[in-house]
Structure formats: C-alpha cells, structure tokens
Amino acid sequence: MRPARALTVFWTTLLLAGLVYFLVIGALRR
Amino acid sequence: MSATRGPGRRFIRDNGLGLAFGAGFLATLAGQAAAGQVQFNAEQHAVGLPSISFSRYVTSASFVADVAENWQSEYLQFFLYVMGTVWLIQRGSPESKTADQAGRESDQDQRVGEHATADSPHWARAGGWRTALYSRSLGLVMLAIFLVSWSAQSVAGWVAYNETRLRDLQAPLEWREYLTCSDFWSRTLQNWQSELLAVGSFAVLAVYLRERGSPESKPVGAPHSSTGTEE
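What counts, and where the lines are drawn
Residues numbered from 1 in each chain as written. Chains lettered and ligands numbered in written order. Predicted model: local features only at pLDDT ≥ 70, side-chain atom pairs only at ≥ 80, totals over all residues. Heavy atoms only, no water. 1 Å grid on protein atoms, 1.4 Å probe; cavity = no way out; pocket = protein on both sides within 12 Å on 5 of 7 lines; lining within 4 Å. Points joined across faces, edges and corners; volume = space filled by probe spheres on them. Helix = DSSP H or I, 4+ residues; strand = E, 2+ residues; numbered from the N terminus. Nonpolar A, V, L, I, M, F, W, Y, C, P; charged D, E, K, R; others polar. Buried < 20%, exposed > 50% of the residue type's maximum accessible area, 1.4 Å probe, protein only. Salt bridge = Lys/Arg side-chain N within 4 Å of Asp/Glu carboxyl O.

Draft legend 1. Structural detail: the layout of surface pockets. Residue and element names in this part refer to chain B. Empty space within the second largest pocket amounts to approximately 350 Å³. What lines the second largest pocket is a set of 16 residues, and nearest its centre among them are Phe40, Glu43, Ser62, Ala160 and Thr164. Contributing elements (two or more residues each) for the lining of the second largest pocket: α2 (16-46), α4 (61-87), α8 (137-167) and α10 (182-208). Here the residues of the lining of the second largest pocket are counted per class, giving 5 nonpolar, 5 polar and 6 charged.

Structure, rendered in structure tokens:
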C-alpha cells in the first residue's frame, strides 16, 4: 500500500505557507 | 463499517490521522484568530484606541508572535525528542530503545548503503553525502522549522512589544535589545517548560500505563519492564 502523496503535499504546503507567512508579516510590520 | 468503498472513502480511511489533525489544526487556528481579535480589541478599547478589523488582526505582529511562539516550541519538542531518543534510554518505556541499541546503530540495522533492500528509499542506498543527509533529514527539518519559527517570534514579538511600549509612552527597543528582554524569554520559556513536562512525563508514565490499541502504548499485558518494542 503506497502512502498518499496528496496528504504529504498538503502538510508540506501548510508548513511552508505558515513559515512564509511569518516571514512576510515579520518583514511587513517591522 | 463495510459495503461502500469508493476511492474517496478509501483515501479517508487510509489517511485518517493526517486528515483529522489537519482539519483540527485549521479549525483551532481560525478559533485562535477569532478569539485573539476580540481580546486585542478589548485591550485597544481599554486605553481608548479604535478596533481593528479581522484581516488587520491576522496580519498583525501580535497574532504572528502568538502563533510562531507555539510553533517553535512544538518543533523544538519534536527535534529534542527525535535526537534525544537516539542516545538516551528510558527503561520500560515504549518510546525508548533498549540500552544495547543506544546511538546511531549499524548500517545493517538501519538498512543503508549495501544493506538497503529493494524497496528502500533511493537515498538510503546511494551512500555518501546523500545517505548521510537523508539519515538526518527528520531531525534537520524539525530543527529548521523550530529556528525559522523562533526567529519569526523574535521579530513579531519585538514589533508587538514596541507597539505596547509606544502606547504607554515608552521608548521602543532595538531588536537586539528585545532578544534579552523579559517579554521574549517569558513567551519562549512558558512554551518550552510545558513541552518538556509533557514529553518527560509521557515517556515515564507509559512505563506503567497502557492504552489498548494505541501504537504509543505497550500492549496492555506487556510487563512494566519491557522497553520499546521488545517482548
């Protein structure tokens, strides 16, 4: 049984989106 | 629990853990944003300042600092746990290896290089820097997310802290000053202590307590003395 690639993409995207959001807001507000 | 098994239903069944926690994360993050905006505006009103909109709140330094400080501590927790359990043993804990397995183990045990099997990941077989890097990838990614989140907390927390200082007619701090400020360390350490408490107590309580059917627990009938997956 192969693990689901879609879910891995979902979580990776979520994490990266969160980290990029932190950086963008951090840069925007400083 | 039977009959209808479309591909969608099968996907949900095979990925319940990741899907349930993903949905829970998004719902609770939305809840944090909603409650945070109400609290933020209550503090604004208390000092005679106007309310801010929801979109302004979720792009505020205050919200980002609150989210980032929790993220960093969770990923620090996983990083320390992943690395700590390589070397440290907890006799009787399902989370621990046995004393003779302490350390990074042999290539044979880890199925790397010439010991890789047909279905091993490509980089486990490749050898050289690729296998060395892949052999540390879980810890490195946890560490990277921790460092980025903690850095973000320091910047957003700094901005949010200066906003309150300006409101109170105090001079703003430099970022470098904020790094040694009690606000930064209070936010940081209040999260670290709870992660260390939870992980430490879990590893020890799981020596004696059981949760039937959970892979985080030993089997209900396993002796207290059995460590990890040994019988």
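What follows picks up the thread again.
Draft legend 2. Main features of the environment of Leu147 of chain B. Residue and element names in this part refer to chain B. Looking at the secondary structure, you find Leu147 in helix α8. Taking relative accessible area as the criterion, Leu147 reaches 42% and is therefore assigned partly exposed. Sequence separation of Leu147 and Gln72 is 75 residues, and the distance between their C-alpha atoms is 7.1 Å.

Draft legend 3. Quick look at the pattern of salt bridges. Residue and element names in this part refer to chain B. Under the criterion given, the structure shown has 6 salt bridges over all chains. Measuring nitrogen to oxygen at the nearest pair gives 3.5 Å for the salt bridge that ties Asp183 to Arg187. Placement of both Asp183 and Arg187 in helix α10 is noted, with a separation of 4 residues, approximately one turn of the helix. Residue class for Asp183 comes out partly exposed when judged on its relative accessible area of 22%. One connected set of salt bridges, linked through shared partners, spans Asp66, Glu69, Asp183 and Arg187.

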